[in-house]
Amino acid sequence: MDKQHYKFSTKTVDCYFDAVFSFLEKLVSKEKAVIITDDNIASIYAEKFTGWKVIAIKPGEKNKQQSTVDHVINQLIKIQADRETFIIGIGGGVITDIAGYTASVYMRGVKFAFVPTSILAMVDAAIGGKNGVDVGMYKNLVGVIRHSEFLLYDYSFLKTLPQEEWINGFAEIIKHACIKDEKLFERLENNSLENFRESPEKIADLIKRNVEIKYKVVSNDEFEAGERKLLNFGHTLGHAIENIYQLPHGNAVSIGMVAACKISEEMNDFPTVDSERVIDLLKKYNLPVTLPFGESRRGAVWEVLLMDKKKSGDAINFILLNKIGDAIVKPVSLHQLKDLINQVL
Ligand code: GLY
């Protein structure tokens, strides 16, 4: 096991890489703990969870809504959870959001930790403190920034992760490479999803590098005044199309990154050959690079964009690439953006 500490303004998060699930009981007592997970993980790992109190919710982004939080809170009341209760979110990005948000509001906040079980949660959702819910079509409209006590990485959970979830997770890994790490981009070009799936060392190393990238960006700018915005690369359009087209998060972000590359070419002299490298890499990891349906729903996409949290006045702060591994935030006027969207979607 490899223990690291990640320092944020309000908390130091302990991170246990290459750990085993059974180590959890050394970190938190079973008496105080309540596991929040989803029905799939609860049934696959029922044996591992013996002796722990478990609240299982329905899986899927469509359940990342306030009504699910209300349901979890009712369950917590039923089991008489109090201020000493320690919530452990075990699952992918929906679970880290629901568990972290519920823990932050239940009794005005109880302690929580995560055992991320998907690639996306391991490299992204579990780190950074932002946890919340969608409101109808609007992604992550309601939430908090509050860090977990610790993160426990047991890579054996990845053995049961479906292929489409591996693919989704790689969208965030490619995003990290595009905005911060050209060497990582090259490493991804020189490997494949299969290489990483088949090699425990390679995937462990890749996950750790991505946690470091995310941690460094978040710790430099916890409350998203500047650098943290870069993590939204591909997410402005990605979030807008995710719920409208009912796409998995990574698929939506992949299409959003392609659009952001094209807008970077138009507005930021990002070389076309580099756009092509990004598109080729996304394809190599089986991610979509165009909307999968003929029908265009630009009107609905536009409505969602207007509610985007990155909007300020009549411009949206868009993340553009200067070159691979180097990104900037540029305000794009709504007028310009409408034209660009008509070209790229
Ligand atoms: N929970 C993901 C983040 O804070 O960015």
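Residues numbered from 1 in each chain as written. Predicted model: local features only at pLDDT ≥ 70, side-chain atom pairs only at ≥ 80, totals over all residues. Heavy atoms only, no water.

Caption draft 1: Structural detail: the side chain of N168. Following the sequence through the fold, N168 ends up in helix α6 (residues 163–180). Reaching out from N168, the side chain makes a polar contact with the backbone nitrogen of N251 at a distance of 3.2 Å. Ignoring any residue separated from it by four or fewer positions in sequence, one finds N168 in contact with L120, P248, H249, G250 and N251. (Helix = DSSP H or I, 4+ residues; strand = E, 2+ residues; numbered from the N terminus. Polar contact = N/O pair within 3.5 Å; in protein donor to acceptor, adjacent residues only side chain to side chain. Contact = heavy atoms within 4.5 Å.)

Caption draft 2: Focus on the site of the ligand. Near the ligand you find D124, A125, I127, G128, G129, K130, N131, K214 and R228, and these make up its full shell. One nitrogen or oxygen atom from the main chain of I127 is found 3.3 Å from an oxygen atom belonging to the ligand. Contact distances for the ligand include 2.8 Å between an oxygen atom and a side-chain N or O atom of R228. Relative to its free-state accessible area of 200 Å², the ligand is covered by the protein chains to the extent of 87%. Of the residues contributing to the shell around the ligand, the split by class is two nonpolar, three polar and four charged. (Near = heavy atom within 4 Å. Areas by Shrake-Rupley, 256 points an atom, 1.4 Å probe, with all protein chains shown as cover. Nonpolar A, V, L, I, M, F, W, Y, C, P; charged D, E, K, R; others polar.)

Caption draft 3: Region of the structure containing the pairing of strand β5 (residues 86–91). Counting buried positions along β5 yields six of six residues, so the element is predominantly enclosed. Burial of the side chains of β5 extends over both faces: F86, I88 and I90 are buried on one face and I87, G89 and G91 on the other. Relative to β5, strand β3 (residues 33–38) runs parallel, the two sharing four bridges. Bridge pairing in β5 links I35 to I88. Pairing geometry for β5 and strand β6 (residues 111–116), over six bridges, is parallel. (Buried < 20%, exposed > 50% of the residue type's maximum accessible area, 1.4 Å probe, protein only. Pairing = 2+ DSSP bridges.)

Caption draft 4: Quick peek at the sheet that holds strand β11 (residues 315–323). One open sheet accounts for three strands, arranged β10-β11-β12; its pairing is antiparallel. Sheet topology places β10 (311–312) and β12 (326–333) at the edges, where each strand pairs with a single neighbour. With eight bridges connecting them, β11 and β12 associate as antiparallel partners. From the neighbouring strand, N317 faces β12, where its bridge partner is P331. On top of the sheet, helix α11 (residues 249–268) reaches β11 and β12; it is set at about 85 degrees to β11, its chief contact. (Axes fitted to C-alpha atoms, helices over the stretch in contact; angles between N-to-C directions.)

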